Structure formats: C-alpha cells, structure tokens
Amino acid sequence: MPASRLWVVDVYGRVFSLSTAGQQWEQCRDAQMEFKRVTAAQQCCWGIACDNNVYLNVHASDLPIRYQEETYENQRWNPIGGFSDHLLPSDRWQWSDITGLKHQPLDSFELPSSSWEWEGDWYVDENFEGEPTEKEGWTYAIDFPAFYTKNKKMTSCVRRRRWLRYRRYKDMDTWAKIPSPQMETPDPFSDISCGGWEISEEPRGRLSLWAVSLLGKVWFRVGIYHHNPEGSMWEEVSVPGEVLQISCGPGDLVWAVLWEGQLIVRQGITRDCSKGTSWVEVESPSPDVGATHVAVGINTVWALTKDNKVWFRRGVDSHNPCGLGWISMVGEMITINVGLNDQVFAIGCEDRAVYFRQGVTTSELSGKTWKAISVPRDGDRSHSSASTNSLQSAGCFFSGEVRAHDSFISELISDREPAKTLREGGSAGPAVPEEEETLPSEGEVKALCADVAICPSQSGGPLDPQWSNVDLEEAQGQLAQTGAALDAADTSSLSSVATYTLAMEDPYGTDEHPLWAWVSGGGCSVDSHSHLNWFNSVNTSSLVGSVQSMSLSVTSAQTAAWRQQIFEQLTERTKREMDNFKHYEQAIEQSVWVKKGTMQWWRDWKPYKWIDVHFALEQFSGPEGNKDGILFIYYNFYEEKKYLHAFVNELTILVPVLNESKHTFAIYTPERTKQRFPIRLAAATELEMHDWLALLSVSCCHSRGIQGPPSKQAIWSITCKGDIFVSEPSPALEAMPYPTPCDQMFWRQVGGHLRMVECNTVGIVWGIGYDHTAWVYTGGYGGGFFQGLASSTDNIYTQTDVKSVYIYENQRWNPLEGFTNRGLPTDRYMWSDASGLHECTKTNMKPPSTQWTWVSDWAIDYSVSGGTDKEGWQYAADFPVFVFVFLRRKCKLTTTGPWQEIPPIALSDVTILPCTAQSNVDEVPLWAISNKGDVLCRLGVTALTPAGSSWLHVGTDQPFKSISIGAASQVWAIARDGSAFYRGSVSPQSPAGDCWYHIPSPSKQKLRQVSVGRTSVLTVDENGNLWYRQGVTPSYPQGSSWEHISNNVRKVSVGPLDQVWIIADKVQGSHSLSCGTVCHRLGVQPVEPKGILWDYGIGGGWDHITVRGNSMEPPRVRLPSLTDASAPAPRSPIPFRNMEVNSSAGDS
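Below or above, wherever it landed, is the structure these notes cover. Since we're looking at a predicted model, the values are computed, not measured.

Each value, and the rule that gives it
Residues numbered from 1 in each chain as written. Predicted model: local features only at pLDDT ≥ 70, side-chain atom pairs only at ≥ 80, totals over all residues. Heavy atoms only, no water. Phe/Tyr/Trp six-rings, centres within 6.5 Å; stacked < 30°, edge-to-face > 60°. Lys NZ or Arg CZ within 6 Å of the ring centre and 35° of its normal. Helix = DSSP H or I, 4+ residues; strand = E, 2+ residues; numbered from the N terminus. Pairing = 2+ DSSP bridges. Axes fitted to C-alpha atoms, helices over the stretch in contact; angles between N-to-C directions. Buried < 20%, exposed > 50% of the residue type's maximum accessible area, 1.4 Å probe, protein only.

### Concerning the packing of aromatic side chains
Under the definition given, this model contains 43 aromatic pairs. Joined through ring pairs, the aromatic side chains of W601, W605, Y635, F637 and Y638 make up one cluster. Over the face of the ring belonging to W602 we find R680, whose NZ or CZ atom lies 5.9 Å from the ring centre. The ring of Y770 is capped by K803, whose NZ or CZ atom sits 4.6 Å from the centre of that ring.

This is how it looks when you write it as structure tokens:
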C-alpha cells in the first residue's frame, strides 16, 4: 500500500503531515502561513487560513495536471476562391467549439488563475479517429453539421480542423489561494470538508467540497476534478438553521451540526446531483448536551458533545445515512475525524495529543481502543542531545521572551491547570479503557520529578524526556529538602511555563509535546494490515551508540584469533564424525518417502463426474543424491481397483483452478498438454490443496535440479486467475530445425498476484496488479502458500490486489408495463454473468476464492464501453446484446511474494528494454502508461536499483493504452483510439525522445497491443489479428506497411532475438476448444522474420506471457551432408500441430 498522509494543525496555526511510512511530523511549506482548519484527500489538501481565505495544496506527482483546450476552425468552399473564412449567415462561427454554437477564437482563452501556465502555443491536431490526416489537419463534410472524413471529395463543401493547446497546473506542494469573488461568498468561512470521490469515477479526480461560513450558511464548491483541482465557483446550499460544522465522507454521507446542538443529514446525493436535495434532522447523542462536532466516513458516523464525550452512530450505510442510534464511547476529545477505510483520528481534550482508534474493521466499525500517536516533529531537538546545559538554556529562554508573547500562549498554559488536577487524581489525557496505559500516581510523579532534577547534578546525564512536561512545583520542594545545588534563576524557570521550551529562531518554540488543534485523515489510508511506526517514540540513538562502541572495542587481531579458533573446532568435529567412519559401507543406498491422501478426481471419460480417489506421492532418492518420484491415483471402476500414474519428472505444471464449490488444481504432462485436458483433482480444504501444490512443486523442482529464484533468462507468464509462473528456457528452445517442443517446458509458480508482468535480460522484472498497482521483483522465490524450503526467507513481502466482480441486471420491454424483470422463457437470467448462461444475483455471488474478501458494496458501473444512461442502463434490440446494467463490487486479496510496491502512480502497461546478453547498459530504459493513459519514462532503473528513482512525463495529445520498447530504443505505442505511434530520437542522452510519429493502422482495424524486439514490430488488433510491420530498418524505423500473420490472438510478446510468443484463443483440444494457450512461433530467422508455423504449449486459462528476458542464442546445428557417409542419419522433425502463415493460431 503506498504511503499516505495524516494532516494536523497545531495551536499556533502551523500545518504538519505524518506519512504512514514515516516516524515524524513534517511541517508544510509556506511555514509563515497560519491555518485554522484543513481537510485532506489523497491527492490534495484544502485549508482555511487565518486571513479567512481558502487555500489548496495539491500534492506533487511525477504525473502533471494538464488540461487540453481546443477550438475548431471552420471554412466553407465557394466557386471563386475555394475554401475561405467567409461563411454563410446561417453557418457556425469561424472559430467555435465542436457544436459550433459557442464563439471561441484563439485569443479568447485565458488561464483560470495564477496557478496555471501555458505549455506551448496553439497547434493543429493531425489525428482523426485514429488515422493521420493531411498535413494541415482538415476534415471535410457536405455541410455543417455533418459526418466528417479525412478525405476531400467532390461534394465537400465545408471543412474544419481542431486546434489544441495545453495548460499545466504549476503550484504543486504549496498553498495556492483559491480566487473567490466577494459576490460569491459575502462572509468568510469557519469550517471546510472534502469527500465524495467514491460517488463516481467520472470525471477523474472528482471531489465534493463543503464549507460553512461564520453566519452559519453552507456552501458547495462546483466543478472540482483532476483537470480542474481548484473548482469553478461556490454555490449556497439552503439549510434549516445556522450550521456550526460540517463533515463529508468519501461516499454520499454528509452530516452537519447546528448551533443549537442538533444534527442534520444530507439526502439525495447521487452521481448526477453531488449537492443532494434535502436535509433530515437527527437527534443529538445526549438530550441535555448538544453536539459540537461530527465526522463521517463510508459507513460510520462519530460525534462529540459539548462535554467532550465521544459517540458512535450504529447502522449507518448508503441506504440508511441517518443510522439507527447512538452508542457512548470511552474517551474525551475536542475534535474527531474519519479517514479512509473508516479509520478514526481524534485530538485529546486534556493533552491535545493526536489519537488513533485501533481495531477498526469492516465488521467492527467502532474499534477497540484509543492509542496516542507519539512521534517527534522535524526540527525538534534530539532527546539524546539534552544535557545539564538545557536547564540553563531553558531558564534563559523563559526569563524574558516567553513573557513578551501575546496572551495566546498564556491561555494555553492556563488550559493545563485542569490537567494538573487530573494528574493528582491518578489519570491524564482522555478517558481511555482500562487496558490502555495511564500515568503514575501523585507520589510516583513526585519521586520521578525529583530524580529528573537531581540526576544531572550527580551524574551529568540527560533529563528523562518522558517527564519533561510534568509540572515541577512539587519537585522544587524536593530539591530544597535534598540540598540540590542549583542556581535560583534556573530553578525558578522550572515552573509550569517550562512545559513550552522555546528556541531562539522559532517564534513559537519547539516543545517536547506539541499541542494540536485540528486533525484530518481524509487522505490517510490505513487498514487492519497496515504496519505503522507512529507509536514508538523511544530514541534509539543511545542503543545504536552502545552497539557501535561494542563493535569498535573488538580489534582486528581478536577477530582473526576468534575465526581461527572456530575453524579448528569445525575441522576437529569433521574428523571425529566423518573421516573416522569412511571405511564403513553405506547401510542404505536410497530412501523412499510416501505421502498419501484422499481427494476427488474428475474422470475424463463418460460419464464425466467427480469420484473419490486415493492419492499418493512416492519419492525416492538415489545414492548420488538425485531425487525423483511417482504420482498414483487409485480409483474403482465397476468394483475393480485401478490406478493412474505419472512420473514427477514428466509433470510440466501444477495450476490452481477457479471453482466455486471445490478446491481444485490441475496437473499437466506433455501428452495432456497436447490434449488440452489435464488431470484435475479437488482437495477437501483450501489448506490441503495448498499443501499438496507446495509439496508437488518442490518435488518437481528437485527432480529437474531447479532451485532458488528464477534466472535472468526466465520466461514469465500469468494465468487468468492472476497466478504467476516462470519457466527456465533451454538453449534449444529456438533451435532450428529441431527446437524443444513447447509442451515439454516445465513451469513453476512464484508467489504473488498480478495482471501482467514484463522482464528483460539483466533480471529486471516489473508487474502490474488488477488494481493498477506497480510491483518490482525483489529476487526472491516462493511466497504465497510456499513455505519452508520452498520459499526464500528474505525478499518476500506482503502483496495486496483489488479486482472488480461484475454481474448484469437484464430487463425486457413489453407494451403494457415497459421494461420489467420478466423475460421470455428463452431469455437469459434476469441477473446473470456476462454470458447470460449462469444466474448471478447480488446475494449468491461470491468472491473468486476464499482468499478474496469483499471491500465494497454493489454499485452501478457507469464507465462501461459505449456509455450508459443516468441509471446505468444500456439498450439493444434483443439478447444476447440487450437491456442491462452493470453492477460492480470490489474484492481484495492479501498474499505474499517476492514483490515490492512502486507508488504512487497506477499503471496499465509497462515495457523494459530487452537487452541482449552482450549489451552493457548502465541505466535500463523503462516506459509505462498510467491507468489514465499518460505516457511515462522511468529514470534510474538499473540491475541494482530495479525500482528506479522517479518518473518523467512524456506529453501526448490523447490517452494511450499499450507501449513497447525494442532494440536501439525503438518505442512504439498504441493510443486508445486504436492508432499506432512511434517515438522519435529516444536515446540514453534523451531518454524521453522528442516527438511522436503517427503510424497508419491496418485497414479498418483498431490496434490493441504492441511488442517490439530487435528488428520486429508486431501488434494485435481489437479483433484478435496479429500483424507484422514490414520495412523496419535502422534508417527508417517507422516501417512501411502491415502484414497479417494470424488471428485468434490475445497477447503477443517479442523477445530480444525477435522470438515471437503469443496467447491464443480457440485452440483445438481432444475435447473442446481451449482459450488462453501459450504458443511459440517457429522458424523465425533473419531471412524469415514472420516465422513459419506455431507450436502449442501450456493452456488454456493463460492471459499473459513475456519472453523479453530470454536472449540465449540457439545452438548452431550442422546439417549432415548427403555425401558424407560417416554422418549419422538425421532425426525426423518433431510432428508439430501447426499452421501455415496467415492461418489461425487457434486452428489445429
């Protein structure tokens, strides 16, 4: 999970943030500004400053905020002068928007505020629906408005072209003032809250910002999204009374507190109405004491009353935003806030510390206990540097400068008097449950304070920082009784004022325990699996120093003598235990080990069904240490006992299989790979299945002599389930005319869960999850259900992934009732999957497996291809394409594997330069595409630092979806409209290149994916056709034309030696067609770069493969001469099931 931030404001108006991966508060830039309140989201933070203006702090990112301005130039043809600017009176403007109704000359566009800047001047867009236009970018039509084409015809009477210009938001990581005309907001704001980003994913980065003015009015900021982070304007929202405070959650929850103490809830908030429609009043938690503060999340509401009591609202969700009732919670707080994942943060009433609510989960939203966040601030003096001089310096600072400040600090100091009373009663801070830590009693405090004062005079040691803020009036009496020799001026400075030790350069001071006034967790992502370092403020410098001093005390001579002694002892032990018994014969030449169990086996002949079987693995090891084994499956057939067997060294892959009712896995051998019909077994529990998979995988690796992490040449693949597999290629894999068949390749599983993976020869491997999170391979192996010897002990990390599960609501129209959920008997289910063949309702739909857990409720998906109406419906004439609405629910998987996350930009595609074995590249080029279509170049990627250092944004005129880099830094990309582009002038000196060249797509085809090798460029279009780019040379890298190779192709990967591997659909097996099959193109040579035929490998159920790390040159085979009688007879070529060029990859 990427690091996120918790935002706070101290009593002096300074804003600090704390990273979930950090251990100290970091003060924001513009330290001279003072704020009243802040409200945070993951991408930005809003605040109300002491000058009553609203400010925005957009977090810096490698991905800039760019907005595309566009206008259209229109012309009409006349017989005299041809096309000109002279239009008819009924025509549109010469310069207009796309509809022609709005006048938009080039000089009418202005920057929204001083936070924006122009990237360049206006230029003509020469791309039209994925195809390049003529040089001037004109498109032609018969009349306005009409259907436009890029080709000029005899009937073309009008034409237009699009002009583009980009502006960039420049004020990143700094507070930018939001322009607000006086007429919009006549009175200043007193409270502000942002949220609503989960209401809809479109437009991108959409936010809801609510504010409360000093007069109790409520305002809503309109038009906040990614390309317009400042919003457009403020709109007033009517309220039933004067509002004191407001809170907005990530979804559709908005609560507010009235001055009288009542609570109101906003209703009617939808995707199309972010402001809602009406207010509903909710009773105060306490009838006698009104509410003063409210905080809402996704499914939770917390409130504070005037007596600082904490209350939790039960039964709150999107269907019942008002909840069911109040529950009193332990603790006394002055402010409270709900962050992401319904995590709760608060500020204590007595000590003004920030508290975190532990134990908050989706099943227990109220949590378990409060725990104080105890970390230092940047700039605070180190505890270990304190000495007896700190007493004198404290007296110096407080003797005059503190009294010179205004009454604000005095009020803070007076606020601590009640805390003193509480300490005398034996407690401090907010009321907490009994299991939490409490401060010592009065006598303990006195004794410890006395020790703090006496210790420096006796030993010169530092003060105990734990008690540096304790009121020391009693300690002074102790000092007088014990005769401590301290200066009167110094001891007089150790009063309650001394709790705020001030530095000369800081006008407010740096106290050991800061006082916080406001907290916002809207941008802080914490869950039950998060590891936080917020609660350990113990200074470890003394411990590190002691360890260093111990290591320095051991001399090199002592180390050498110690090593010599250990070596002599080991030698003596070896002689005693091994060498003295060499003359004995070995008692056992080989060992046999058997594991048995019961499973279910899918009988692969009629009648097909699951039957109970006994399963056994027999392993044996020879005298030389070689290991092998046999699998046995014992079953009954007409009361006759029979068995199947398979040698472990013949197994090629073990694959977990998705099955709703059983814990199933498949076992492949070369013969069963050809048949597309593996041995399918089902275990009783998921744990038992994982145990067998781990055991069988280790046995297969031992029998083949494979151990440790994958090699740099490994071929990586991913199944449709997200499981990761690697195969170690043999040198003969690409050899001709006798290559190693694909069905004999052995694949082993690697822990983790990914959607795609990319590698290169130097061992750099990146992956992308279903939630678009980027991961880098750490060099380990195992993880997941691999434990013990099957997994490395280091380089294994926790990995999470989130994917969406879809179901479809179908309806049919009838003349009487319109659209209803009553269909014809031949129709699909009214709640179904995408195919309509299986019934899938909201209640019976389960996550993909027990490893997945739901993390959201069902919601309508409006971002489907083709668009929807306001209710999410799509329409058609009849099934299978019919009236339906997409419902989406997210589920989350947590596993382990040799992967580390690369925050914070979400990616959809990544490519790494496929270096050859002889190449020597210091920094490896790596390109990627964000999930929003932005092109990025990763800097600092090396074999030692595979994660790189930072992103470099590469500008484009439209969003992209696929990218690939080949030899000589050839960068090809596919835009979302299906057009192809080539990036020019990419080199180590210019890693981002200079410009994009538009490459025409194959006729009437929209491309989907591209892969570039040493000299080959191959693409896959939306219809599954595989295309080869002809004419690619070093002098003309764009090539000349496209040539069709095959169809039924899902993905393609071109290696560093121009090897071609694909994922093919509709491959014929012994029983049915197989989708998602790994195929290898044979006969690829410099004279025949398109290859000759296909060799089918493992499948189906595969979704991705990459061979961009395999740069092993095939061995050169000398064909026997016909005149050489001594030469052996040639082998018969392997009978591949193949196809000719331009035939289908799915044909047999």
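### Remarks on unusual backbone geometry
Of note, the bond from K606 into P607 is cis; its omega dihedral lies within 30 degrees of zero at -10°. Here P607 lies in the loop between β33 (591–602) and β34 (610–621). For the bond running from G1099 to G1100, omega is 0°, close enough to zero to count as cis. Note that G1100 resides in the loop between β71 (1093–1096) and β72 (1102–1106).

### Structural notes on the sheet that holds strand β43 (residues 756–759)
Reading across the sheet, the 4 strands line up as β43-β44-β45-β53 and stay open at both edges, with antiparallel pairing between neighbours. Strand pairing shows two members of the sheet lacking a second neighbour, β43 and β53 (899–902), which therefore form its edges. Each strand axis lies, on average, 30° off the axis of its neighbour in the sheet, ignoring direction. Of the strand pairs in this sheet, strand β44 (residues 765–768) and strand β45 (residues 774–777) are connected by 3 bridges, and their pairing is antiparallel. Bridge assignment links I768 to a residue of β45, and that residue is A774.

### Thoughts on the pairing of β45
Of the two faces of β45, the one holding A774 and V776 and the one holding W775 and Y777 are both buried throughout. What sits between β44 and β45 in their antiparallel hairpin is a turn of 5 residues, with H772 showing a positive phi close to 70°. Judged from the 4 bridges that link them, β45 and β53 form a sheet pairing that is antiparallel. Bridged to V776 within β53 is Q900.

### Focus on the sheet that holds strand β24 (residues 278–282)
Strand order in the open sheet formed by 4 strands is β21-β22-β23-β24, and the pairing between neighbours is antiparallel. Edge positions in the open sheet fall to β21 (243–248) and β24, since each of these has one partner strand only. The sheet shows a mean angle of 25° between the axes of neighbouring strands, direction not considered. With 3 bridges connecting them, strand β22 (residues 254–258) and strand β23 (residues 263–267) associate as antiparallel partners. Following the sheet pairing, W255 is matched in β23 by V265.

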